[in-house]
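Commentary on secondary and tertiary structure
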Amino acid sequence: MLEDKNVSKTSLAEIGEFGLINQIKEGFPIKLESSIKGIGDDAAVLDYKKEKIVVSTDMLVEGVSFSWGYMPLRHLGYKAVVTAISDILAMNAIPKQLLVSMALSNRFTIEAVDEIYNGMKYACEKYNIDIVGGDTTSSVHGLVLNLTAIGSAPEKDIAYRSGAQENDLVVLSGDLGASFLGLQVLEREAQVTKVNPNNQPDLEQYSYLIERQLKPEARLDIIKILKDLKVIPTSMIDISDGLSSEIIHLSKESGVGFNIYEEKIPLDSSVIRTAEEFKVNPITCALSGGEDYELLFTIKQTDFYKIKGNPNLTVIGHVTGKGEENYLITRGSEQMVPITAQGWGVEQEEDNSEH
């Protein structure tokens, strides 16, 4: 995937580390007023004036976080940006800058690196973000990407995991489970292609699921919607490890319990159809799937009328008392099932955001 024998490629050794840095710098001129100095010095210089700075970091590792069997280079660059800035959005803040560090093995060419950065550039243009620095080094085990995201918000707007209060409403953006099922489809087709290299799979019916896995979107629009509606979440988190895990995080940090209603969890029709094909419960995909990068947050009941009817937001439950447990209320309120974190994938990444 990284080498096309019929096209001339440029090895990293031909231009060296500084040549690579200069090439990256030329592709990312700074745009924001808060970006005083970007790539090319010992450190970036930023000016945030009256707003608080929010910083988070995220790492993607070849063979653990992604596979070349189905991940195009440009999509990887785009997804890396989305995963990094989603943690900033989860603080009800606006991402502004990125630091990108990359470890590369010698099998990568300049053209391959360009493709990754082209994906990053597309994401940065869409979300109005500057890449202002980073680091490059060699690797003996393929590719490692580490992105540090920097953002800001007025102090009064910042939402922590610890602010949920009894009787708050639990609100979710978008729908869940599609990314997990998109990965199942991609892994299945990759195995088929190994056996039959001439296989040309028809993936049109899975297009939404695959896009959610390979090219997820960060919910910057939700932050702007909440600001326009004058709603400040009492607590907030992004859904990277599945709804169950994130509910447990909010519960632990806020010291309260949550009741989530199964029938309220939004599922796309393709999730329901494909879950049946893979013989899994679509609710299980939503609870334990992960990588949806939707926003989960709590609001005061008095703010309900502000979000009521908004097609981007769904109330899926409420906060119970201090020290209470977390439960999924099954359809028809027939049973209260304890919510446990089960996660998925080879690794369960530790959240390294200093929230």
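What comes next concerns the included structure. Residue positions are given per chain, counted from 1 along the sequence in the order it is written. Thresholds applied to this predicted model are a pLDDT of at least 70 for local features of residues and 80 or more for the giving and counting of side-chain atom pairs; totals over whole chains, interfaces and linings are not thresholded and use all residues. With hydrogens and water excluded, all non-hydrogen atoms of the structure serve as input to the side-chain values.

**Considerations on the packing of aromatic side chains**
For clarity, the cut-off: Any two rings among Phe, Tyr and Trp, with Trp reduced to its six-membered ring, count as a pair given centres within 6.5 Å; such a pair is stacked if its planes are under 30 degrees apart, edge-to-face if over 60, and tilted if neither. Type-normalised accessible area, obtained with a 1.4 Å probe on protein chains alone, sets the label of each residue: buried when under 20%, exposed when over 50%, and partly exposed for intermediate values. Helix and strand labels come from DSSP, where a helix needs a run of H or I of at least four residues and a strand needs a run of E of at least two; each type is numbered from the N terminus.
Counted according to the given criterion, the structure contains 3 aromatic pairs. Measuring from ring centre to ring centre gives 5.1 Å for Phe 66 and Trp 68, while their planes differ by 70°; the resulting arrangement is edge-to-face. Each of the two residues, Phe 66 as well as Trp 68, counts as buried. Judged by centre distance (5.5 Å) and plane angle (40°), the rings of Tyr 78 and Tyr 122 are tilted. Of the two residues, Tyr 78 sits in helix α2 (residues 73-89) while Tyr 122 sits in helix α3 (residues 110-127), which places them 44 residues apart along the sequence. Owing to a relative accessible area of 2%, Tyr 78 belongs among the buried residues under this scheme. Judged by its relative accessible area of 47%, Tyr 122 falls in the partly exposed class. Chaining the aromatic ring pairs together yields one cluster made of Phe 66, Trp 68 and Phe 108.

**Re the pattern of salt bridges**
Using the following cut-off: The term salt bridge refers to a pairing of a side-chain nitrogen on Lys or Arg with a carboxyl oxygen on Asp or Glu at a separation within 4 Å.
Counting across every chain of the model gives 18 salt bridges. Among the ionic pairs, Lys 96 bridges to Glu 51, the shortest N-O distance being 3.9 Å. Within this pair, whereas Lys 96 is found in strand β4 (residues 94-104), its partner Glu 51 is found in the loop between β2 (45-46) and β3 (52-61), the two being separated by 45 residues in sequence. Residue classification places Lys 96 among the buried positions, given a relative accessible area of 19%. The salt bridge partner of Asp 157 is Lys 156, with a shortest N-O separation of 3.1 Å. The class of Asp 157 is buried, set by a relative accessible area of 14%. Classification of Lys 156 by relative accessible area gives exposed; the value is 63%. It is possible to trace a salt-bridge network through shared partners that takes in Asp 175, Arg 212, Arg 219, Asp 221, Asp 292 and Glu 294.

**With respect to the sheet that holds strand β8 (residues 235-238)**
Selection criterion: Two strands form a pair only when DSSP identifies at least two bridges running between them. Axes here refer to lines fitted to C-alpha atoms; in helices the fit is confined to the stretch in contact. Angles between the N-to-C directions go from 0 to 180 degrees. For this analysis, residues touch if any pair of their heavy atoms sits within 4.5 Å.
The 7 strands are arranged β8-β10-β7-β11-β9-β12-β13 in an open sheet whose pairing can be described as mixed. Strands with a single pairing partner mark the edges of an open sheet, and in this sheet they are β8 and β13 (336-338). On average, each strand axis in the sheet is tilted by 25° relative to the strand beside it, whichever way the strands run. As paired strands, strand β12 (residues 327-329) and β13 are joined by 3 bridges and run antiparallel to one another. Within β13, the residue paired with Ile 329 across the bridge is Met 336. Contacts from helix α7 (residues 243-254) reach β7 (169-173), β8, β9 (256-261), β10 (295-299) and β11 (313-322) within the one sheet, and its direction differs from that of β9 by about 150°.

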